[in-house]
2 protein chains.
Amino acid sequence: MSDRILASYLIETPYPLERAVEVMAGEQSCGTFTRLASETDALREAHGARVERIEPLESLDSPSLPIPAPPTGVGPPVYRRARVTLSWPLANLGPSLPTLVATVAGNLFELKEFSALKLLDLTLPPPFAEAYPGPQFGVAGTRELTGIPERPLIGTIIKPSVGLSPEATAGVVRELVAGGIDFIKDDELQANGPHNSLEARVDAVMPVIREHAERTGRQVMYAFNITGEADEMREHHDYVAAAGGSCVMVALNAVGLAGVTQLRRHCRVALHGHRAGWGLFSRSPHLGMSFVAYQKLWRLAGVDHIHVNGLRNKFSEEDASVIASARACLTPMFDPPTPGCEVMPVFSSGQTAEQATDTYAAIASTDLIFCAGGGIMAHPDGIGAGVKSLRQAWEAAVAGIDVDDYAREHRELARALETFRR
Amino acid sequence: MSDRILASYLIETPYPLERAVEVMAGEQSCGTFTRLASETDALREAHGARVERIEPLESLDSPSLPIPAPPTGVGPPVYRRARVTLSWPLANLGPSLPTLVATVAGNLFELKEFSALKLLDLTLPPPFAEAYPGPQFGVAGTRELTGIPERPLIGTIIKPSVGLSPEATAGVVRELVAGGIDFIKDDELQANGPHNSLEARVDAVMPVIREHAERTGRQVMYAFNITGEADEMREHHDYVAAAGGSCVMVALNAVGLAGVTQLRRHCRVALHGHRAGWGLFSRSPHLGMSFVAYQKLWRLAGVDHIHVNGLRNKFSEEDASVIASARACLTPMFDPPTPGCEVMPVFSSGQTAEQATDTYAAIASTDLIFCAGGGIMAHPDGIGAGVKSLRQAWEAAVAGIDVDDYAREHRELARALETFRR
């Protein structure tokens, strides 16, 4: 297999496509705005980014992102879209994720030649799989840690997101574990604030988790949010692991690739990746990065779970995008595929019993964590009924039974559908 | 002074402004999509984000970013813009930069209520200044390390960006130091690739720098790009420092806040911050973050220099934005201001002798690094003449002499203007 790195992009430009893409390739490899004598043909051949493919798409009358007016030609400018693929020799950067990001998602976003530029996908040569650990637990390991061999993990987020004391958090956890929950996570806003420090929270929550595990033989996975400085995350990871915890969570964009990779190399529990800030990469159709490319970076860095939003969510993302994201998490990387590099997609955001059927229909897998906050906590009959309603909804989905039929014999599901169906 | 964190945003929404902003405040503090019994008034009072100000701006007929259609009302929807300020109690998160980012630049970008959302500015309470080291050298320290008390540092980027061997790099450095350069940096694409490893480059370059320093008493600052994994950056920093180097560079977005902060706490040389990937935050007028907010995060994390692009650059950024960015770097933070937290703005991208006058007129300061790649390397009379042309252009600017008048008596400047003026 080739030792080249491939990246595909959606672009839009008022310049001839070939010329614009050459600027992109030059900017991201050995070019500068004027060709230097030292940029020999041999150097360009060995280190230049190569344009592999240009597939022209539609044209527009106006630019999608503001750019300086192009030089006047004959008539008004036309903004041509295309899907293009560039490649780089691994020799330029070696298998380094941070330098990969600076190369495939660096200065090029600012080039004046482009009125749209979005990274769509990445294909990485095998040395990246050798250089990075990838997920430590992934799908199979998460199932083993939680003792749930087949069905989706039913999860929730501690709510209110911030403001509860450690003791109040433990009180909510007590109700959740009694109600049969599989997975609980801190909110991404709740890390190590003075009103609820990580250590105090671990001290309050873990006895509840451990006691339940001793009684039932099944340990609920609690993702403690250890987002913070590098040394702080390491200490907090150790604190969670020493208390018998099985998972830590980090806000990926806020911590960054170097911090997450370092944590992963130290980590002995599952690593739950929160994508807070993802909207910055995704909200514009004309700028940023697809989740398909994004999740490859974090899988290599070593997360075991990553958030993908959910169907009919409270955010702006369309369902088709959520489905594509979840499928990407469960698709092998590399050629030949590296076994075990799949990660658990985490469904979250406005999820209730109401979305299980469609979610299963869309991804045809139960290898996922299905998180509901209000969908559990605001169930009219309480937290236990909220958890049951989600299990029942997934039982119906997997068995291919209409959810309303199933609700006739499952009161918690019926009450959830009544309450949450919009 | 208040212990609250303030963040201001540009927003656009088809919903009533007050309601939309309440959703934003709820999402980023204690709310979920349905109010829970445990979200008591006391908890909201103590931990909820507060809407401090809403300044309505213009209205539009269509959304700037795609959002799901709002519920139909009377007539077609109107998209209202506003500048809003929210505040959070420090008690929610403590002085933690990663949790700050998850709070002020997290999930809110994805909310379906908003067809534009951009973080404009941040005001942080003093505990952040106590928790983070800030720049170690900043403006004064960089001047001391380079022995240049007053004028701008004239800098360059090794070009071609990638592909040169360590020996060829040292050859370029030899010409540059002989030509009188003050500052040299690796390109952001050139970190630790197999064709030019960091250690081999240090071994080749540093003897040239040291020999020149011994001869002249003035050490050229070379920013070695150590972007990489956390442990790798630490080792490479140590390697640079042991060889007598005075600066390391990191691609900030690719490494992330936790990695950069950890490096800063270990660092004994100047820390040069490259913003590759900044376009992702800035290219859309309707999404992302202003540089004013962005540079505050990295200054606290501890960079000494940060890139701000340049006037009439090869990218899409307008000059007014470049000027605002440079001024932000030189503006104190915190109330009362923390002395020494100003950082050197680094001008770069298509810079030549041609932009000095306007740059000085715009920022009225010489506390900056003025980097030219092609503007030095492609000078028709060679690298030494390229460096001289930039010094001469800045002499003219600071003395208030018309650059063309000055060029009459300064041949290198005249030739640069001839070559590069567009």
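Looking at an unreviewed UniProt entry, one finds chain A named Ribulose-bisphosphate carboxylase large chain and attributed to Billgrantia gudaonensis. For chain A, the Cofactor (unreviewed entry) comment in UniProt is given as "Mg(2+)". Its UniProt record gives chain A the following Sequence similarities (unreviewed entry) comment, quoted word for word: "Belongs to the RuBisCO large chain family."

### Observations concerning the packing of aromatic side chains
Residue and element names in this part refer to chain A. Counted by the stated rule, this structure contains 20 aromatic pairs over all chains. With centroids separated by 5.5 Å and ring planes inclined at 75°, the aromatic side chains of Phe370 and Trp394 adopt a geometry described as edge-to-face. Taken together, the residues Phe370 in strand 13 (residues 369-371) and Trp394 in helix 16 (residues 383-399) connect sequence positions 24 residues apart. Note on accessibility: Phe370 and Trp394 belong to one class, buried. Ring-pair connections join several aromatic residues into one group, and the members of that group are Trp278, Phe281, Phe291, Tyr294 and Trp298.

### A word on the relation of the copies chain B and chain A
Of the two same-sequence chains, chain B is brought onto chain A (RMSD 0.0 Å, axial shift 0.0 Å) by a rotation of 180°. Both copies are brought into coincidence by an operation consistent with a two-fold rotation axis. No C-alpha of chain B approaches the rotation axis more nearly than that of Gly256 of chain B, which lies at 1.8 Å. Taken together, the interface assignments show that 100% of the residues at the interface of chain B recur at the interface of chain A, consistent with an identical surface on both copies.

### With respect to the interface of chain B and chain A
The interface of chain B with chain A comprises 92 residues on the first partner and 92 residues on the second. Approximately 7200 Å² of surface area, both sides summed, lies buried where chain B meets chain A, with 61% of it carried by carbon and sulfur atoms. Linking chain B to chain A there are four salt bridges. In this structure, the salt-bridge partner of Lys314 of chain B is Glu27 of chain A, at a minimum N-O distance of 3.1 Å. Counting the contacts that link chain B with chain A gives 28 residue pairs in polar contact (both at pLDDT 80 or more). For the side of chain B that touches chain A, the secondary-structure elements that each account for two or more residues are helix 2 (41-47), helix 3 (97-104), helix 8 (230-242), helix 9 (252-255), helix 10 (257-266), helix 11 (279-282), strand 10 (287-289) and helix 15 (374-377) of chain B. At six residues, helix 3 of chain B tops the list of elements feeding residues into the side of chain B that touches chain A. Broken down by class, the residue content of the side of chain B that touches chain A amounts to 42 nonpolar, 37 polar and 13 charged.

Procedures and definitions
Residue numbers run consecutively from 1 along every chain, following the written order of its sequence. Think of it this way: whatever chain is written first is A, whatever ligand is written first is 1, and the rest follow in order. Only residues with pLDDT of 70 or above have their local features reported here, since the model is predicted, and side-chain atom pairs are shown and tallied only from 80 upward, although totals for entire chains, interfaces and linings are computed over all residues. Hydrogens are left out, water is left out, and the side-chain values use all remaining heavy atoms of the structure. UniProt positions are given in the numbering used here, feature names are shortened, and annotations may be inferred rather than shown by experiment. Only centres within 6.5 Å qualify two rings of Phe, Tyr or Trp (six-membered ring in Trp) as a pair; their planes then separate them into stacked at under 30 degrees, edge-to-face at over 60, and tilted for everything else. Secondary structure follows DSSP: runs of H or I at least 4 residues long count as helices, runs of E at least 2 residues long count as strands, and numbering of each begins at the N terminus. Only protein chains enter the area calculation, which uses a 1.4 Å probe; residues under 20% of their type maximum are buried, those over 50% are exposed, and those in between are partly exposed. Here the copies are matched by least squares. The fit uses the C-alpha atoms of residues with pLDDT of at least 70 in both. It only takes one pair of heavy atoms within 4.5 Å for two residues to be counted as in contact. What counts as buried area is the accessible surface, traced by a 1.4 Å probe, that two parts surrender upon association, with contributions from both included. Think of a salt bridge as a Lys or Arg side-chain nitrogen and an Asp or Glu carboxyl oxygen that are within 4 Å of each other. Identification of polar contacts relies on pairs of N or O atoms within 3.5 Å, with a donor-acceptor requirement for protein atoms, meaning one able to donate a hydrogen and the other able to accept it, and with residues adjacent in sequence counted only if both atoms are side-chain atoms. Ten residues, namely Ala, Val, Leu, Ile, Met, Phe, Trp, Tyr, Cys and Pro, are considered nonpolar, four, namely Asp, Glu, Lys and Arg, are considered charged, and the remaining ones, Gly among them, are considered polar.

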